[in-house]
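Structure assessment
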Amino acid sequence: MVESGEPLAWLRAFGVSAVGRTGEEAFKGLGAKALGLLSYLAVNSPTPVTRDAIVDLLWERVEPSQGKGSLRQELRSFKRSFGDDLFEALFDVSDNHIALRANAVAFDVRQLEAAANSDDPDEIASIINIYRGDFLAGNTARAEPFQDWARERATYYLSLIHI
């Protein structure tokens, strides 16, 4: 478990979404739904999210059992892309919940929130480098609840920086 120190991975949700191991390029082959799921978990981190809530968010048009199967496939895809060691360090997975571990991921949303709430002029100026476009801009995951959530979050982040 990561408690302190440098995050093991980075996640970008502003502009073109991407995720990678710290100090390395983005992982290839992760689709819009996978990047949306990672962003959802990161926004909620370190609080665990129920599998049912994730299925309702991203697979609302299928039977719950099929949605849970699709979620398991996404987790396997993460494991293949990240490798077992990084996957285990980043995710806390149980039968009922999934979470990203605290401080495991450098998430641009958290950086923006810190900069927007800072009194330090240099940190406030860093918003220009952090905000590369709207939250999950162009994410094509088709689930309507997910798109509603992403729009609500995008509006919230814009309000933080007064755009």
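Below you will find a few notes about this structure.

Conventions we followed
- Residues numbered from 1 in each chain as written.
- Predicted model: local features only at pLDDT ≥ 70, side-chain atom pairs only at ≥ 80, totals over all residues.
- Heavy atoms only, no water.
- Helix = DSSP H or I, 4+ residues; strand = E, 2+ residues; numbered from the N terminus.
- Rg over C-alpha atoms; globule rule 2.2 N^0.38 Å.
- Buried < 20%, exposed > 50% of the residue type's maximum accessible area, 1.4 Å probe, protein only.
- Contact = heavy atoms within 4.5 Å.
- Lys, Arg positive; Asp, Glu negative; His and termini not counted.
- Charge placed at Lys NZ, Arg CZ, Asp CG, Glu CD.
- 1 Å grid on protein atoms, 1.4 Å probe; cavity = no way out; pocket = protein on both sides within 12 Å on 5 of 7 lines; lining within 4 Å.
- Points joined across faces, edges and corners; volume = space filled by probe spheres on them.
- Nonpolar A, V, L, I, M, F, W, Y, C, P; charged D, E, K, R; others polar.
- Salt bridge = Lys/Arg side-chain N within 4 Å of Asp/Glu carboxyl O.
- Axes fitted to C-alpha atoms, helices over the stretch in contact; angles between N-to-C directions.
- Parallel < 35°, antiparallel > 145°, perpendicular 65-115°, else oblique.
- Left-handed = near helix turned anticlockwise from the far one by under 90°.

Points about the overall build of the protein chain
- Summing up its helical and strand segments, the protein chain has eight helices and six strands in all.
- Compactness check: the protein chain gives a C-alpha radius of gyration of 16 Å against a globular reference of 15 Å for 163 residues, within 12% of the reference.
- Each of the three principal axes of the protein chain carries a C-alpha extent, and together these read 50 × 35 × 25 Å.
- Of all 163 residues assigned to the protein chain, the portion counted as buried reaches 47%.
- When contacts within the protein chain are restricted to residue pairs at least 6 apart in sequence, those whose partners lie at least 24 apart make up 60%.
- Each charge class in the protein chain was averaged separately, 17 positive and 24 negative side chains, and the resulting centres sit 8 Å apart.

Section: empty space enclosed by the protein
- Per the counting criterion, the structure on display carries one cavity of 30 Å³ or more.
- Roughly 40 Å³ of internal volume is contained in the largest cavity.
- Along the walls of the largest cavity sit Leu11, Val19, Leu38, Phe82, Leu90, Leu100 and Val105, which together make up its complete lining.
- Of the residues contributing to the lining of the largest cavity, the split by class is seven nonpolar, no polar and no charged.

Remarks on the side chain of Glu74
- In this structure, Glu74 sits in helix 3 (residues 64-82).
- For the buried Glu74, which has no salt bridge, the nearest side chain bearing the opposite charge is Lys33, at an N-O separation of 6.5 Å.
- Setting aside chain neighbours within four positions, we find Glu74 in contact with Lys33, Ala34, Leu37 and Trp59.

Some words on the packing of helix 1 (residues 32-44) against helix 8 (residues 144-161)
- Interaxial distance between helix 1 and helix 8 falls to 12 Å at its minimum, and their mutual angle equals 55 degrees. Classed by the angle they form, the pair helix 1 and helix 8 counts as oblique. Handedness of the helix 1/helix 8 crossing: left-handed. Facing Gly36, Ser39, Tyr40 and Val43 of helix 1, the residues of helix 8 in contact are Phe146, Trp149, Arg153 and Tyr157.
- Per-class residue counts for the contact of helix 1 with helix 8 are five nonpolar, two polar and one charged.

Things to note about unusual backbone geometry
- The omega torsion across Ser45 and Pro46 is 5 degrees, close enough to zero to call that bond cis.
- Structurally, Pro46 can be placed in the loop between helix 1 and strand 3 (49-50).
- In the Ramachandran plot, Leu136 falls in the positive-phi region, its phi being about 50 degrees despite a non-glycine side chain.
- As for its position among the elements, Leu136 is in the loop between helix 7 (127-130) and helix 8.

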